[in-house]
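# Analysis of the macromolecular model
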Amino acid sequence: MQTRSEDIDPLLVHISVDRALRTMTRSEFDQMLGRGSAAERLYRLLRELGLPQVATPKLLARKRPRLLPARDSIVARRLMVGTRWHALSTQPDLVARIEDIRDQANCAHLSR
């Protein structure tokens, strides 16, 4: 994969390190993670640079764990939410289910 820090770094700066996905309103979600956002542009750039589809969300989750959750088909099936991550801020019981799964898997070190 090529190094393009001059393109990647400015996008990362515009992706909040302090916000948690589960606390966002729909408007904030659309602005920070929606179509045309820095997060979406960074995702697309990483894919264009050759990062695999499976690895891209996981890398983004490492950089912004409270805002950009790692996702894969197993997580999506278990939570039955697909890629509609905004459901975390509109369905409090979903957050509780995620925390229960994390605890059952002995993964308390994973972000909240």
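Residues numbered from 1 in each chain as written. Predicted model: local features only at pLDDT ≥ 70, side-chain atom pairs only at ≥ 80, totals over all residues. Heavy atoms only, no water.

## Section: the overall build of the protein
Scanning the protein for helices and strands turns up 7 helices and 0 strands. Burial status across the protein gives 34% buried among its 112 residues. Taking the intrachain contacts of the protein between residues at least 6 apart in sequence as the baseline, contacts between residues at least 24 apart amount to 50%. When the accessible surface of the protein is summed, it comes to about 7,400 Å², and 52% of that surface belongs to carbon and sulfur atoms. (Helix = DSSP H or I, 4+ residues; strand = E, 2+ residues; numbered from the N terminus. Buried < 20%, exposed > 50% of the residue type's maximum accessible area, 1.4 Å probe, protein only. Contact = heavy atoms within 4.5 Å. Areas by Shrake-Rupley, 256 points an atom, 1.4 Å probe, with all protein chains shown as cover.)

## Observations concerning helix H4 (residues 55–63)
An α-helix turns once every 3.6 residues. As a result, residues three or four positions apart point the same way. Every buried residue of H4 is listed here: Thr56, Pro57, Leu60 and Ala61. For H4, the buried positions fall inside an angular range of 135 degrees around the axis, keeping them on one side. In this fold, the buried residues of H4 make contact with helix H3 (38–48). (Arc of directions from axis to C-beta.)

## A word on the pattern of salt bridges
Within the structure shown, the criterion is met by 4 salt bridges. For the salt bridge of arginine 26 with aspartate 30, the shortest nitrogen-to-oxygen distance reads 3.3 Å. With a gap of 4 residues between them, arginine 26 and aspartate 30 both fall in helix H2 (residues 26–33), about one helical turn apart. Glutamate 40 is the partner of arginine 44 in a salt bridge, and the nearest nitrogen-oxygen pair spans 3.1 Å. Within this pair, arginine 44 and its partner glutamate 40 are both found in helix H3, separated by 4 residues, close to a single helical turn. For glutamate 40, a relative accessible area of 18% puts it in the buried group. (Salt bridge = Lys/Arg side-chain N within 4 Å of Asp/Glu carboxyl O.)

## A look at the nonpolar core
If you look at the biggest cluster of nonpolar residues, it comprises 18 residues, and the most contacted ones within it are Ile8, Ile15, Leu33, Leu42 and Leu68. For this core, the element with the highest residue contribution is H3, accounting for 5 residues. (Core = buried A, V, L, I, M, F, W, Y, C linked by side-chain atoms within 4.5 Å.)

## Some remarks on the packing of H3 against H4
Remark: H3 packs on H4, axes separated minimally by 10 Å, with the N-to-C direction vectors making an angle of 130 degrees. It follows from the interaxial angle that H3 and H4 lie oblique. In terms of crossing hand, the pair formed by H3 and H4 is right-handed. Here Leu42, Tyr43, Leu46 and Arg47 of H3 come into contact with H4, specifically with Thr56, Pro57, Leu59 and Leu60. A breakdown of the residues in the contact of H3 with H4 according to their chemical character gives 6 nonpolar, 1 polar and 1 charged. (Axes fitted to C-alpha atoms, helices over the stretch in contact; angles between N-to-C directions. Parallel < 35°, antiparallel > 145°, perpendicular 65-115°, else oblique. Left-handed = near helix turned anticlockwise from the far one by under 90°. Nonpolar A, V, L, I, M, F, W, Y, C, P; charged D, E, K, R; others polar.)

## Notes on the confidence of the model for the protein
Detailed reading of the predicted model is not advised wherever pLDDT is low. On average, residues of the protein score 78 in pLDDT, and 71% of them reach the 70 mark or higher. Here helix H6 (residues 87–90) stands out as the element of the protein with the lowest mean pLDDT, 60, in contrast to H3, whose mean of 92 is the highest. (pLDDT = per-residue confidence, 0-100.)

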